[in-house]
Amino acid sequence: MKKIASELLVERLADWGVDTVFGLPGDGINGIMEGLRRHQDRVRFFLVHHEEAAAFMASGYAKATGRLGVCLATSGPGGLHLINALYDAKLDHVPVLAITGVQATSQLGTGYQQEVHLDRVFMDLCVYNQMFLVPVSIPALVDIAVRTALARRGVSHLTFPVDMQEAPADLKPYEGGLGTARPVHPVPARQGEGRPDRARSHSRR
Amino acid sequence: MPVQVPLVGEAKETLKALLPLLRRKEDRRFLQKAQEEKKKWDQEMAALADPDREPIMPQYVMSVIDRLAMDDAILTSDSGTIATWAARHFTIRGNRQFYLSGNLATMAPGLPYAIAAQLAYPGRQCIAFVGDGGFAMLMAEFHTAAWHGLPVKVIVCNNGLLGQILWEQMALGFPEVGVRYEAMDFAPWAQASGGLGIRVEKPGDVEPAIRDALAHEGPALVDVMVNPDEPPMPAKVTYEQAKGFAESFLKGTPRRVTIASTLFRDKIERLKS
């Protein structure tokens, strides 16, 4: 069985410690579902009835655990159903990764079934937002998406054209991605402007 | 409040850095006054959680959950009047957690939040305290919880009403419009999904039903018919809000007689406390 590009996505998510993906399949993400099926020992797919609930679960999971919440929806209607709950994550500042499908690269621009450019639709709600064009970029872009969501406590969005999901996994020469180092959270300096010790004694209460 | 010392940093680490710089104030008057006010407020709220009043008060339903839930229970809620009852009558003690849609204030996250929390913490009580409006939006996910074997508990305050909007309309001086449903019966849906479903219409049945639901091994839903005329009164009513209420009454808000009687009874309960 030849390795497909979607497996690179699932493996990379597992490397980041993701163990659950909330979602609902559709014909725009069959490749990603196959990637999840092949690696179900590392990442669990949690099937729901409505994509909005999947995104609420990702947001609620992040709120309750402090970890990254991940949701998956198909192209067009599936991705559009995520939006309200992704704004919940954005406005309450919790890290969420939304993964969607999009029409095959050969059909983009023709108004083919379910052609919705979710990367454009999501522009207002994301801290990171990227469509994939080639499998080799998967590890690095997943790394950036996850790290940005964790660092800026917001929503990252990755969208995969159908043909790319099922393409042979080809990593050379980018096997390593960018690594799974966690973002560092800043603490105010103890010298100069913004020194914590200058904050004291202002309260008269 | 103007910024006096800007500190840019992650909140938890920044507060840790600030803690050693704090000095204990000798003058305790401000704190004492706030503590006294809080005690008075808690007494007033407790007086509103009346087990005897019929129709059932949503405050009472929440107070029963508060009393019976574990010290590490996770409560989720929706936006609207339900958030008011949850915030006022759920005590954060032990390792309890409480989640709602804080800034987006969207309807419907209560149940999916509880499912996600249950998945993350299999051994803890995960309770969704929701209204019929928010629950109906994503109620299919109760079935999701059931077939995934997640024992979430759902308590629905069912008044067939988009309550928050009704009270906003009245406070603005507009008679109510477009806020009432025909109240649905959710217990059969819970049963059809493979969970426990209990319908409650009498105040005396609230506690046994919630007790049964919390003790149930699988997912459970308690559908409580609550008073549709219960106002989520703000802590302080402004003159403009009171004027709006009076105007919407004069313009002919439907059910104004039952709403007025609830308002007066609430006031009397709080004075009695």
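See the structure above.
Computed from a prediction, not measured in an experiment: that's the story for all the values here.

A. Here's a closer look at the sheet that holds strand β5 (residues 126-131) of chain A. All names here are of chain A. Taking strand neighbours across the sheet as the criterion, the six strands line up as β2-β1-β3-β4-β6-β5 in an open arrangement whose pairing is parallel. Each having just a single partner strand, β2 (44-47) and β5 make up the two edges of the open sheet. Ignoring which end each strand starts from, the neighbouring axes of this sheet average 20 degrees apart. With five bridges joining them, β5 and strand β6 (residues 155-161) adopt parallel strand pairing. Counterpart to Y128 in the pairing with β6 is S156.

B. Spotlight on the interface of chain B and chain A. Each partner contributes to the interface: chain B provides 37 residues, whereas chain A provides 32 residues. Within the residue set of the side of chain B that touches chain A, elements represented by two or more residues are α1 (11-18), β1 (74-77), β2 (97-99), α5 (110-120) and α7 (140-147) of chain B. Across the side of chain B that touches chain A, the residue classes tally to 22 nonpolar, eleven polar and four charged.

C. Representation of the sheet that holds strand β6 (residues 220-225) of chain B. Residue and element names in this part refer to chain B. Here six strands make up an open sheet; going across it, the order is β2-β1-β3-β4-β6-β5 and the pairing parallel. Edge positions in the sheet fall to β2 and β5 (196-200), since each of these pairs with one other strand and no more. Going from strand to strand, the sheet's axes swing by 15 degrees on average, the running direction of each strand aside. In this sheet, β6 lies alongside strand β4 (residues 153-158) in parallel orientation, the contact comprising six bridges.

D. Structural context of the packing of helix α3 (residues 58-68) of chain B against helix α10 (residues 206-215) of chain B. Residues and elements named next belong to chain B. Following both chains from N to C, one finds α3 and α10 inclined at 45 degrees, their axes separated by 10 Å at the closest point. Taken together, the axes of α3 and α10 are oblique relative to one another. The interaxial crossing formed by α3 with α10 has right-handed handedness. Every residue of α10 that contacts α3 at Y60, V61, V64, I65 and L68 is listed here: V206, E207, I210, R211 and L214. Per-class residue counts for the contact of α3 with α10 are eight nonpolar, no polar and two charged.

E. Expanded view of the nonpolar core. Ranked by internal contacts, the top residues of the largest apolar core, which has 117 residues, are A:A58, A:C71, A:V96 and B:V61. In this view, A:V96 contacts A:A58, A:S59, A:A62, A:G69, A:C71, A:L86, A:A89, A:A149 and A:V155; residues no more than four positions away in its chain are not counted. B:L161, B:L166, B:W167 and B:M170 belong to the second-largest nonpolar core, a separate cluster that totals six residues.

Reading the values: the criteria
Residues numbered from 1 in each chain as written. Chains lettered and ligands numbered in written order. Predicted model: local features only at pLDDT ≥ 70, side-chain atom pairs only at ≥ 80, totals over all residues. Pairing = 2+ DSSP bridges. Helix = DSSP H or I, 4+ residues; strand = E, 2+ residues; numbered from the N terminus. Axes fitted to C-alpha atoms, helices over the stretch in contact; angles between N-to-C directions. Contact = placed C-beta atoms within 7 Å. Nonpolar A, V, L, I, M, F, W, Y, C, P; charged D, E, K, R; others polar. Parallel < 35°, antiparallel > 145°, perpendicular 65-115°, else oblique. Left-handed = near helix turned anticlockwise from the far one by under 90°. Core = buried A, V, L, I, M, F, W, Y, C linked by C-beta atoms within 7 Å. Buried ≥ 20, exposed ≤ 12 C-beta atoms within 10 Å, placed from the backbone.

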